[in-house]
Structures are given as C-alpha cells and as structure tokens.
Amino acid sequence: VLLSGVSGGIVYHRGMVRDGVWAAWLKIARRIIAIYRTHLILFMLFVAEVGLLVAWLNPPSFLEFLNLDKFSVHPFRTIWNAVLLGNGEPKFFDILPLYIVLLSLLVLTLPLILWPRLLLGGSVLLYVSARVFYTSLGQWISSWFFTPLA
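Basis of the calculations
Per chain, residue numbering runs from 1 following the sequence as it is written. Given that the model is predicted, a residue must reach a pLDDT of at least 70 before its local features are reported, and side-chain atom pairs must reach 80 or more before they are shown or counted; all residues, however, enter totals for whole chains, interfaces and linings. Hydrogens and water are ignored here; the side-chain numbers use all heavy atoms of the structure. Here a strand is any run of E in DSSP of at least two residues, a helix any run of H or I of at least four, and the numbering for each starts at the N terminus. Accessibility here uses a 1.4 Å probe with only protein chains present; expressed as a share of the type maximum, an area under 20% marks a residue as buried, one over 50% as exposed, and anything in between as partly exposed. Throughout, the Shrake-Rupley method with a 1.4 Å probe supplies accessible areas, and for residues the shown protein chains are the sole cover considered. In what follows, a contact means two residues having at least one pair of non-hydrogen atoms within 4.5 Å.

Helix and strand content of the chain: seven helices and zero strands. Each helix and strand of the chain, ordered N terminal to C terminal, gives the series α-α-α-α-α-α-α. The buried share of the chain, reckoned over its 150 residues, is 25%. About 10100 Å² of surface is accessible on the chain, with carbon and sulfur atoms providing 72% of the total.

Moving on: the side chain of His39. Mapped onto the elements of the fold, His39 is located in helix α2 (residues 21-57). Here His39 falls in the buried class, since its relative accessible area comes to 1%. Apart from residues lying up to four places away in sequence, His39 is in contact with Leu85, Glu89, Phe93, Leu96 and Pro97.

What follows is the structure, given as structure tokens:
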C-alpha cells in the first residue's frame, strides 16, 4: 500500500506538473475505472468458478470459508453490494477496492503534494486518529481486511 501510494504520487505529480491538475485527475479517474472494471470481471469469474466447484464437488463449508454464503440467502443484494464495493466481497477480494479508494483519496491529496510537510502531517494525523478512535469508512466496508484509513 505504501509503495503504491509513493509510486502514484510520483507518476501523477509528474503529470500534474507537466499537464496541470485537471489532466492528472482525469488520468486517475481513467485508472480507477479500469481497475473497477477489472475487479468486476474477476468477481464474476470467481463467483462462476466457485459455483461450478460447489455444484460439482460439493465441499462442506466452502462458501462460508470464501465469504460467499450470503449468495444462498440474498443473491441480488450480495451482487449489488459487490458492485458497490461493499460487504459482498469474497474473502481476499478487497485489495483492488482498497486501491480504488486510495486512488480516490489521491485525487483529493494530489494538489497538496506541493506542500510535502502539510501532506505528511495530514497523513500522520489521519493514521493516528484512525488507530485511536477506530475510525473507518463505516459499515459499508466492515468486512474488508485492509482499512484505507490506517
């Protein structure tokens, strides 16, 4: 996560200096859309593969292990939550949504890269407040293993 933030800052800072803030934000938005599209494709392929495995082999508690047991109770709501990057994510599928959230935060913090001490101070303050006050993005992503704020 740290290296992706550093590399994103380096790459998009160069673009911001060369082409302006709006061009850098547009590049970040295109990257977010590409990652989101890839995540949805991988999610659908994963669910289809798990469905075939469960139908063919019927392993006990396999759906519970992968956090896909919600499909049997509320399939539409689970798919909708997964599309919204919420609680419908299978186990170990929260890395790309985390990267999407971090790139979205980069849009907000990219202009602050011109003042590195302010940016570092804000990052430390956000980290400490997330640890001390257990701050998160709410119930929407409560099942994520990684938290974007800590």
